[in-house]
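# Overview (structure and organization)
Here are the chains, one letter per residue:
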Amino acid sequence: MMIEALYEIGKILPKVDFLEEFIENVGSKYKQVFKIIIDITNLDDIRYCGIGYEELDSSKKMKYFYKTGSSRGVDKTPTSKITDIHKTLNIKVKPVFSKFLEKNKRDLSDEDKDFLNKMQKMIDDNIEDIKNELIEFARNRDLLKSNNQLKEPSIVTFIFKKDDKDYYVGDMEVFRKPFQNNENSAYSSFYKKYNIESKSNDKYCYVCRRIADEVWGFVNTYNFYTVDKESYVAGGFNQGLAWRNYPVCPDCAKILERAKTYADKNLVFKFCGFNYYIIPQLVLSDDKLSKKILTKLEKYKSFSLEEGKASLIERVEEAIIRDLAKENNNVNFNFIFFEKSKKAFKILLFLQEIAPSRLKFLIEAKDKVDKKERKYEIFKELKTEKDTITFDFSFNFIRNFFSNNKTDGKFDKYFLSILNNIFINKKIYIQFLLERFMDKISIEFLNDNWIDPLVLQSYKILLYLEQIKILERRRGNMKNYGNDFEDFFQEHPLLDDETKRALFLEGVLAKKLLNIQYQERKAKPFKSRLNGLKIDEKVAKRLLPEMVNKLEEYEKNYYVELEKAIGEYLLKSDFSNYSVDELSYYFTLGLILADYFKVENENKN
């Protein structure tokens, strides 16, 4: 479906000059241009003149004239991406003119061929000097990471000097001519690979669904379709028949390339550290509506690129979803999370045909959870010396627990799985979440770090999933015990049985005791009795009498009603239904919300 959606986008994009469309932007992460300067004033005495440098200028796309080639060979033009100087110069730069001549000799004049042969000889004679001078040039400007590795992704290209004028690769007719003269041959990689040609005549095109004069077999808009393995080729390992697998006519191949270029520039966004495409897909073809939606996405892309702080980018991403949710269901949206390398395009998650009504539901649920009026304002802002922490629901809350780093571990696939379930309305088990929540929270607790923001974020996640009705959990049916805590529990229906409430209130009492100890001794020795927040039935039943005894020792047991409520709930609790992570979580939630439960004598003291 992604290909069909791209095709519809490509059809409404304005056609541009073929070369403008064919030649690639090197990419936004490439900031530096190293220039191999060649004097061609006297063609009988072509000379290497040294290394030049400039910051990459995206407006010079047609001057740099970059077109990628094989990852293990030369590019299609004499401009290449470079990080490893030795490797790039040996593999891509040194043979570039002979390979260019070899591939394009049918479209070159004798004069062009002579020029390219002379250029190749000049490179062969000077390649070691070019390497050494490029390394020295980069080292002197602190652009070198190691002996031959550049600090930043860069490109290396040629500058041709003639009569005191400088010409880029794209200014030279010899390099433009082969592509201008034969548009189809410029797309030869779509029908010629592995020294094999795969095309056929008067066959059905998969994309436009018409009989085409010619179809090609190696059209690979994104590198998830390959024919380098036997299992990928219909009818066996005859790569020449690859067109049977995925036949695409030349016109559709070019439309898809146009759409891909557009999507890479305008429809790629960031979400919780992932790159993803938003590809709109109309239920019924409507060019006017398509253009309107694409214009809207272009605007957000432009705005997101201007924002520097992650928090602001996050707001842009939320704004995109809010705006898309306003569309009617004549259009669906494909969200494609991906990783891209030279060799492959890997789809990490494909959220297919998500309707605006679903986006609207998810956004409205967020607003309900964030804006709900509560007697106990547990999600009020927390101010620190450096920042103000807010608790309006964000997918970054989930990412904080399911991150991908050396400290926490690699949880990308779990995060994407949760994201998938949220968008397609699939259940998420609370035990799965609480296990990860408590892993992270308990580590922070044992390291004496502040756990309040983490616990509040985790609780907001649960409330949001409950609001959108995908939280699979054990549900209780509580009677009203008539104690001082019922109004709190009525506001928090996740605490809907005696076991959860007993553990929650034990956490509240534990925090009261720790506060008193700190007032008395500037230390919290009872913290060691909390078992690193690993609370099972044995620990839960041990803690209540221990805490009461300690409070009596300090002569500050102001919490008789609280202790009575814990006792009542414990008597009716059934621990057999709960994992240690679940019990620990409810205890921890009480621990950090204890300040919302004040008693009169406590306030006076």
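This section reports on the structure supplied with the text. Residue indices begin from 1 for each chain and proceed along its sequence in written order. It should be noted that, the model being predicted, local features are given only for residues of pLDDT at least 70 and side-chain atom pairs only at 80 or more, the latter also being counted only at that level, while totals for whole chains, interfaces and linings use all residues. As a convention, hydrogens and water are excluded, and side-chain values are obtained from all of the structure's heavy atoms.

A run of H or I in DSSP counts as a helix once it spans at least four residues, and a run of E counts as a strand once it spans at least two, with each numbered from the N terminus. Within the protein one finds 22 helices and 19 strands. A radius of gyration in this sense is built from C-alpha atoms; the matching globule rule multiplies 2.2 Å by the number of residues raised to 0.38. Over its C-alpha atoms the protein spans a radius of gyration of 32 Å, topping by over 25% the 25 Å that the globule rule assigns to 605 residues. Taken along the three principal axes of its C-alpha coordinates, the protein extends 100 × 60 × 45 Å. Relative accessibility thresholds used throughout: buried, under 20% of the residue-type maximum; exposed, over 50%; partly exposed, between the two (1.4 Å probe, protein chains only). Taken across its 605 residues, the protein has 52% of its residues classed as buried. Sequence separation of at least 24 residues holds for 69% of the intrachain contacts in the protein that already meet a minimum separation of 6. Only heavy atoms matter for contacts: two residues are in contact if any of them lie within 4.5 Å across the pair.

Turning our attention to helix α4 (residues 85-93). Of all the positions in α4, only I85, T88, L89, K92 and V93 are classed as buried. Around the axis of α4, the buried residues are gathered within 105 degrees of arc, so they sit on the same side. Of the surrounding secondary structure, the elements contacted by the buried residues of α4 are β1 (32-39), β3 (80-84), α5 (96-104), α6 (110-140) and β4 (149-162). Within 3.5 Å is the distance limit for a polar contact, defined as a pair of N or O atoms, with the added protein rule that one can donate a hydrogen and the other accept it, and that residues adjacent in sequence qualify only through two side-chain atoms. Its side-chain oxygen 3.3 Å from the backbone nitrogen of H86, D84 forms the N-cap of α4. An arc is given here, and it is the one of the directions from the helix axis to the C-beta atoms.

On the surface, Y414, Y429 and F432 cluster together into a nonpolar patch covering about 310 Å² of accessible area. With respect to the helices, strands and loops of the structure, F432 is situated in helix α15 (residues 430-446). In this analysis, a patch consists of residues with relative accessible area above 30% that form no salt bridge, clustered at 9 Å for like charges and at 5 Å for the nonpolar side chains Val, Leu, Ile, Met, Phe, Trp and Tyr. Here the open area of atoms and residues is found with the Shrake-Rupley method and a 1.4 Å probe, where only the protein chains shown may cover a residue. We define a salt bridge as a contact between a side-chain nitrogen of Lys or Arg and a carboxyl oxygen of Asp or Glu at a distance within 4 Å.

Here the focus is the packing of aromatic side chains. Paired rings are identified among Phe, Tyr and Trp, the last through its six-membered ring, by centres lying within 6.5 Å, and are further divided according to the angle between planes into stacked (under 30 degrees), edge-to-face (over 60) and tilted (the rest). The full count for this structure, using the stated rule, is 54 aromatic pairs. Consider the rings of Y191 and W216, whose centres lie 5.1 Å apart with planes at 50 degrees: the pair is tilted. Here W216 lies in strand β9 (residues 211-216) and Y191 lies in the loop between α8 (183-186) and β6 (192-193), a separation of 25 residues in the sequence. The pair formed by Y191 and W216 is uniform in burial state, with each residue classed as buried. The criterion is that NZ of a Lys, or CZ of an Arg, lies within 6 Å of the ring centre and within 35 degrees of the ring normal, and then a charge sits over that ring. Between the NZ or CZ atom of R399 and the centre of the ring of F415, over which it lies, the distance is 5.2 Å. One Lys or Arg, K479, reaches over the ring of Y481 and ends 4.8 Å from the middle of that ring.

Bringing the pairing of strand β12 (residues 331-340) into the picture now. A large share of β12 lies buried, amounting to eight of its ten residues. Sheet analysis places strand β11 (residues 274-282) next to β12, joined by eight bridges and oriented antiparallel. Of the residues in β12, the one forming a bridge with I278 is F335. Two strands make a pair as long as DSSP finds a minimum of two bridges between them. Across seven bridges, the pairing between β12 and strand β13 (residues 345-354) is antiparallel. Counted as the bridge partner of F337 is L349 from β13.

Every axis in this analysis is a line fitted to C-alpha atoms, fitted for helices over the stretch in contact. Angles between the N-to-C directions lie between 0 and 180 degrees. For the pair α15 and helix α16 (residues 452-467), the least separation of the axes is 10 Å and the interaxial angle reads 170 degrees. Here α16 runs roughly antiparallel to α15, going by the angle between their axes. Across the interface between the two elements, I430, L433, L434, F437, K440, I441 and E444 from α15 touch L454, V455, S458, I461, L462 and L465 from α16. Residues of the contact of α15 with α16, tallied by class, amount to ten nonpolar, one polar and two charged. An angle below 35 degrees is treated as roughly parallel, one above 145 as roughly antiparallel, one from 65 to 115 as roughly perpendicular, and anything else as oblique. Put simply, Ala, Val, Leu, Ile, Met, Phe, Trp, Tyr, Cys and Pro go in the nonpolar bin, Asp, Glu, Lys and Arg in the charged bin, and everything else, Gly too, in the polar bin.

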